[in-house]
Structures are given as C-alpha cells and as structure tokens.
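Chain by chain, the residues:
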Amino acid sequence: MTGVFQALVVVGLFLLTAVVGVATLVMVRRGHHDSTGQQLRTAHSTSSARPSSSAQPGTPRTETGRPDHGSGEEATSETQLEDLRAKAKTLLASAQTARAEAEEESLARRTELRELRADLERREQRLSDREERLDSDVRGLEDKTRQLEELKTELKSQRRMLTELEAQQQSTLERIAGLTAEQAKAELVAAVAHDAKRQAVLLARDIERQAVREADGRAQTIIVGAIQRLASELTSESVVSAVHLPGDDMKGRIIGREGRNIRAFEQVTGVNVMIDDTPEAVLLSCFDPVRRETARMTLTELVADGRIHPARIEEVHERSKSQIEAQCLRAAEDAMAEVGISDLHPALVPVLGTLRYRTSYGQNVLKHLVESAHIAALMAGELGLDVAHCKRAAFLHDIGKALTHEVEGSHAIVGADLVRRYGENPDVVHAIEAHHNEVEVRTVEAVLVQAADAISGSRPGARRESIEAYVQRLERLEEIASAREGVDKVFAMQAGREIRVMVAPEVVDDIEAQVLARDIAKQIEEELTYPGQIKVTVVRESRATETAR
C-alpha cells in the first residue's frame, strides 16, 4: 500500500508541474499579445484616416486590422488548464485516500506489533518464573539427595553395628549350646521337615481316599442311572444302498444304449451305480448319505415307472431332492420334539435334519444327538445344574458334522461358529466348541457335554470300526514318529487320539522338539484318515542316576 501511495504522489507532482508549465505558457502568451496590441494601437493612432483596402467585409478585425486568433488559443489553453486541474484534484484525492488507507494499515501493524511485543514479554515472564521454580526444585532435590546420602551413611553404620552385635550374640549362643548356628539350624529344619512330611502324607492319603471313594461312587451312580433310564435303538449304516429290481432285464434298461442312461444317472446324482451278478438288485455307492438316499429314491421311482432316459432322470431326481429335504426337515422337527426344544433358529433346522443320513462309526448322528441330550439332561438333573442349557448344548454339539465337507476345520469349531451366527447362548456355544478339548473347557456344562458324548459313543453296540483298520492306523502312527531322527520311543494312547514321542535329550534340544512335533502332525494330516483330532506330544527329559554302594 505504501508503494501505491508513493506512485500516486509522484504522478500528482508530475501533473502539477505540467499544470504550472501550461499556466506559465499562457501567461507569457498573454503578455506578448498585450505588448503587440499596444504597438498596434500606437500605429493606428497615427494613421487612423487610412482604412485598409484589403479588408474583407464581414471579417472580424482586431485593432491592428488582423483576425483575432489569440483569443481562441487562449480559450483552448484555459480549457486544458481546467482539465489538468480537475485531474490533479482527482489524483490528489486518490493520493489522500491511499495515504489514509496506508496510515490505517500502518496503525493496525503497529497495534499488532504492540500486541506481539506484549505477548513476548508475557512469555518471557512465564519462562523466567518457570526457570525460577525449576531452580528452586533443583535446589530442593539437591538438598534431599544430600539428606539421602547422609541417611545411607547412617544406615550403613547401623548395619555394621547390627552385624557386629549378631556375630557377638551368635558366638555367645554357640559357646553356651556347644553347637554352631548352622548345625542347630540344620537339626531344627530336619525335625520340622520330617514332621511336616509325615503329616502331609497322612493327610493327603486320607483326602485322596475319601475323594476317590466319593467321586467313584457318585460318578457311577450318575452314569449308570442315566444309561439305565435311556432306551435307544441301535442303528448301523454303510456307504452302499441296494435297490430291488422286478427282473434282471431292468438292468439293461438302466444301462441304456451304449451306457447312455447310467452315465446320465451318475452325472445327475453324483452316485456310482454298480451292476453285477447280484440277482434283481443294483448297488448305489456314495460317501455322502444324503446324495445316496436321493439317488435311491430316484432309481426306485424310475424302475417303478419303467421310463428311463436322461430327461426323465433329471425330472425324477429334482422331485426326489424335494422329498429328501422335506424328510430331513421332518426328522429334525421330530428330534426337537423328542428332546423338548422348540425355540431353535429356523435356519438351523434343515441343517440338523441332514444328520439323519449321517453316520459316525455306524452310529446315526441325529440319534446320537438325541441320545446325548437325554444323557446330559439326566446327569444335569442329578448334579443340580441348568437342565435346559445342558440338554441344548448336548443336542447341538455335533451339528458341525453336517457342514464339514463344505467348511474347513473340525466339526466342533464349525458347529460353534454356526450356532453363534444364529444367536445361541454363549455357554451353549462354548460347550460345542470345547467338547473335543480343541478349546480349553471353562464351564461345568461343557464338561457334562463331553461326558454325555463319550457315554453315547462308547456304550456297547453304539459304534463299530474294523479291528484291522484300527490296528493299522495305530501302527502307522508309530511308524511315522519312529522314522524321525532322535526319537527313542513312541506310544499311541487314547485309542489313537494321542501319540507321545520320547526323544533323546542329547540329540534333540527344546527348539528341535517343537519342530519335530509340528512335522509329525503335518505328516499325519497328509497321510492318514482318522476321526476327530490326534494330539502329538514330544517329551524331552534329562535324568541323572547314581547308585549308592
């Protein structure tokens, strides 16, 4: 703003100089015309009688007889002078305005500078006050440090005095008792330890006997009562279903021309059709029991109808799928009614119904859930627990088996995530995910669900497994672990659910033991097929043995 003001002042001075110059020129011209006119008037007075013959009529004349051009130029100069004066006034007004604005800005800047200066002064004052406080605090800390040093010196002297007094007292006692302090302490400690060990052993033995006696009796009463009160039918299913045929000529129609019908049937249903020499029967094989049952119903209807071709196979298969879904839903509703559960989420009912066609070691899973729910409810009633929660957790603990072929992970974790998604009680969810100890057990209800699951699966006739397959699986487990370097002994425990590996401590250190456990578990996952989970434990221990002679 100051630069603009200076520029306006310069322009105004320039115009003012121009105006003054023009005014001076006008004044000079006026003086020249006045002198010339005087001379002409003097000459005219001498020859006034002689008029000019060359004057034209109508032409204005001056006193000298010439045209009056000086008055026109004078008027033009005055006009220009007025214009310059007006411009000069305008520029001066603008200059005054700019000067006023510059003064206001300068005043604002000065005010801001005063405020900044005052703020800096206040800050400097605060800093000086803070420095004074810090100096006082430092002086106080120095005083306290000096006092502490004095106290430490005093304490050291007092400790020396106490040590000297204790030494004098100990020497006095040793002289009086005839024993050193270490000997007396050892005798006292030995006597107290002997009495304490004896009393502790006697007390622990009594407590263990009483606990075992009461626990065994109580557990036997609860388990036997639950098993005796439960009546359940024994079921055993396989992976093969047989379809009866009215005659052997129907096998040719099932195969079709160049195998067209049987290929279409296997492609639509996902089930293998085995046609052999068995009279009037066809076998259907599939690991998925729901698909196998759907295929059985489809083939039964096709055989009864007699029309077998690819389009008809697709039509009947879709109808059979609808019927299977309805049967699964009805089976789930019947199971819920049997255990007395009516508030299950609608999305869980069809999933639960598919377990009607699922078996575990020959035991029907849906029947197993109903049986476990009854066992858990009976034991919860005996123990005074929440019967509804225990029954619900036991009824849903294997629901994840319906999705194990669709979702990765063990059926316990999959089932827990499924019921958690549909708003089940957290205690029920925890009991489901912990019933195979994949999650640490935190509630009594979870332990009860584990017990009910074990009772239902281990009762006579509930499950079956080939002895040869079982033995081969255990032998293969031991072979996998024994093939590792540094392994001393291998033990398969808990029916193949846990394997313990004893390693030589001088060959395998702690870090290698962890790596060995992970490698063995990974190889078992890749090579073996087994139910549930297998826990791999690597034991590394050092023993020092010496014989006293």
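Structural data are supplied above this passage.
Reading the values: the criteria
- Along each chain, numbering runs from 1 in the same order as the chain's sequence is written.
- Confidence filtering applies because this is a predicted model: local features only for residues at pLDDT of at least 70, side-chain atom pairs given and counted only at 80 or more, and all residues used for totals across whole chains, interfaces and linings.
- Side-chain metrics in this entry use all non-hydrogen atoms of the structure; hydrogen atoms and water are not considered.
- Paired strands are those between which DSSP finds at least two bridges.
- Only runs of H or I of at least four residues qualify as helices and only runs of E of at least two qualify as strands under DSSP, and these elements are numbered from the N terminus.
- Axis definition: a line fitted to C-alpha atoms, limited for helices to the stretch in contact. Angles are taken between N-to-C directions and run from 0 to 180 degrees.
- Should any heavy atoms of two residues lie within 4.5 Å, those residues are considered in contact.
- Any Lys or Arg side-chain nitrogen found within 4 Å of a carboxyl oxygen on Asp or Glu counts as a salt bridge.
- Partly exposed residues are those whose accessible area sits between 20% and 50% of the maximum for their type, while under 20% is buried and over 50% is exposed, using a 1.4 Å probe and protein chains only.
- As used here, the term nonpolar core means buried Ala, Val, Leu, Ile, Met, Phe, Trp, Tyr and Cys residues forming a set that is joined through side-chain atoms within 4.5 Å.
- Here a helix's expected span is defined as the number of its residues, less one, multiplied by 1.5 Å.
- Whenever two N or O atoms come within 3.5 Å, that pair is a polar contact, provided that in protein one can donate a hydrogen and the other can accept it, and provided that, for residues adjacent in sequence, both atoms are side-chain atoms.
- By the definition adopted for this analysis, an angle is roughly parallel if under 35 degrees, roughly antiparallel if over 145, roughly perpendicular if from 65 to 115, and oblique otherwise.
- Handedness of a crossing follows from how the near helix is turned relative to the far one, being left-handed for an anticlockwise turn of less than a right angle and right-handed for a clockwise one.
- Gly counts as polar in this scheme, as do all residues outside two lists: the nonpolar Ala, Val, Leu, Ile, Met, Phe, Trp, Tyr, Cys and Pro, and the charged Asp, Glu, Lys and Arg.
- Nonpolar side chains (Val, Leu, Ile, Met, Phe, Trp, Tyr) are joined into patches within 5 Å and like charges within 9 Å, using only residues with over 30% relative accessible area and no salt bridge.
- Computed with the Shrake-Rupley method and a 1.4 Å probe, the accessible areas treat only the protein chains shown as cover for residues.
- When charges are counted, Lys and Arg are positive and Asp and Glu negative, with His and the chain ends excluded.
- The atoms used to mark charge sites are NZ of Lys, CZ of Arg, CG of Asp and CD of Glu.

Caption draft 1: Here's a closer look at the sheet that holds strand 7 (residues 498-503). In spatial order, the strands read 6-7-8; together these three strands make up an open sheet with mixed pairing. If you trace the sheet from one side to the other, it starts and ends with strand 6 (487-493) and strand 8 (535-539), each paired once. Strand-to-strand twist in this sheet, taken as the mean axis angle between neighbours without regard to direction, amounts to 15 degrees. Where strand 6 meets strand 7, six bridges bridge the pair, whose relative direction is antiparallel. Across the sheet, residue Met 493 finds its bridge partner in strand 7, namely Glu 498. Contacts from helix 15 (residues 510-527) reach strand 6, strand 7 and strand 8, with the element oriented near 150 degrees to strand 8.

Caption draft 2: Looking closely at the pattern of salt bridges. In total, this model carries 21 salt bridges according to the counting rule given. Taking the shortest distance from any N to any O, the salt bridge between Asp 398 and Lys 401 comes out at 3.6 Å. When sorted by exposure, Asp 398 lands in the same class as Lys 401, which is buried.

Caption draft 3: Structural context of the pairing of strand 1 (residues 240-244). Side chains Ser 241 and Val 243 of strand 1 all project onto a buried face; the interleaved residues Val 240, Ala 242 and His 244 project onto a face where none is buried. With five bridges connecting them, strand 1 and strand 3 (residues 281-285) associate as antiparallel partners. Across the sheet, Val 243 pairs through a bridge with Val 282, a residue of strand 3.

Caption draft 4: Up close: the nonpolar core. Counting 43 residues, the largest nonpolar core has Leu 352, Phe 395, Leu 396 and Ile 399 as its most contacted members. Only helix 7 (310-339), helix 8 (348-353), helix 9 (365-383), helix 10 (387-396), helix 11 (411-421), helix 12 (426-433) and helix 13 (444-458) provide two or more residues apiece to this core. The element contributing the most residues to this core is helix 9, with nine residues. For Leu 396, the contacting residues outside a window of four places in its chain are Leu 344, Val 419, Glu 424, Val 428 and Ile 432.

Caption draft 5: Layout of helix 9. The end-to-end C-alpha separation of helix 9 is 26 Å, in line with the 27 Å expected for 19 residues at 1.5 Å each. Helix 9 sits mainly inside the fold: 14 of its 19 residues count as buried. At the N-terminal boundary of helix 9, the capping side chain belongs to Asn 364, with an oxygen 3.0 Å from the backbone nitrogen of Leu 366. Remark: Gly 384 follows helix 9 within two positions and exhibits a positive phi of approximately 75 degrees.

Caption draft 6: Highlighting the sheet that holds strand 1. One open sheet accounts for three strands, arranged 1-3-2; its pairing is antiparallel. Among the strands making up the open sheet, the edge pair consists of strand 1 and strand 2 (272-274). Here the strands of the sheet are splayed against their neighbours by 30 degrees on average, with no regard to which way each runs. Here strand 2 pairs with strand 3 via three bridges, running antiparallel. Note on strand 3: the bridge partner recorded for Met 274 is Leu 283. Each of strand 1 and strand 3 touches helix 6 (residues 289-305); the most contacted strand, strand 1, lies at about 10 degrees to it.

Caption draft 7: The arrangement of the packing of helix 9 against helix 10 in detail. Look at helix 9 against helix 10: their axes get within 8 Å of each other, and the N-to-C directions meet at 155 degrees. Classified by the angle between their axes, helix 9 and helix 10 sit roughly antiparallel to one another. The element helix 9 and its partner helix 10 pack so that their crossing is right-handed. Residues Leu 369, Val 370, Ser 372, Ala 373, Ala 376, Ala 377, Ala 380 and Gly 381 of helix 9 lie in contact with helix 10, whose contacting residues are Val 387, Cys 390, Lys 391, Ala 394 and Phe 395.

Caption draft 8: A look at the environment of Gln 363. Structurally, Gln 363 can be placed in strand 5 (residues 363-364). Judged by relative accessible area, which is 5%, Gln 363 ranks as buried. For the pair Gln 363 and Ser 456, spaced 93 residues apart in sequence, the C-alpha to C-alpha distance is 9.6 Å.

Caption draft 9: Molecular detail of the pairing of strand 3. With four of its five residues buried, strand 3 lies for the most part within the structure. Once strand 2 ends, the chain turns through six residues before running back antiparallel as strand 3, passing Glu 280 with a positive phi of about 55 degrees.

Caption draft 10: Quick peek at unusual backbone geometry. Of note in the backbone geometry, Glu 258 takes a positive phi value of approximately 55 degrees without being a glycine. Examined against the element boundaries, Glu 258 turns out to sit in the loop between helix 4 (249-255) and helix 5 (260-269). Under the relative-accessibility criterion, Glu 258 is labelled exposed at 72%. With a phi close to 60 degrees, Asn 437 is a non-glycine residue in the positive phi region.

Caption draft 11: Quick look at the packing of helix 6 against helix 7. It is the contact of helix 6 with helix 7, at a shortest axis distance of 8 Å, that shows an interaxial angle of 130 degrees. The angle between helix 6 and helix 7 places the two elements in the oblique class. Here helix 6 runs over helix 7; the crossing is right-handed. Contacts between helix 6 and helix 7 involve Val 290, Glu 293, Thr 294, Met 297, Thr 298, Glu 301, Leu 302 and Asp 305 from the former and Arg 312, Ile 313, Val 316, His 317, Arg 319, Ser 320, Lys 321, Gln 323, Ile 324 and Gln 327 from the latter. Considered class by class, the residues forming the contact of helix 6 with helix 7 number six nonpolar, six polar and six charged.

Caption draft 12: Fine view of a positive patch on the surface. Residues Lys 152, Lys 156, Arg 159 and Arg 160 make up a contiguous surface patch of positive charge. In this structure, Arg 160 sits in helix 2 (residues 70-177). A relative accessible area of 51% places Arg 160 in the exposed class.

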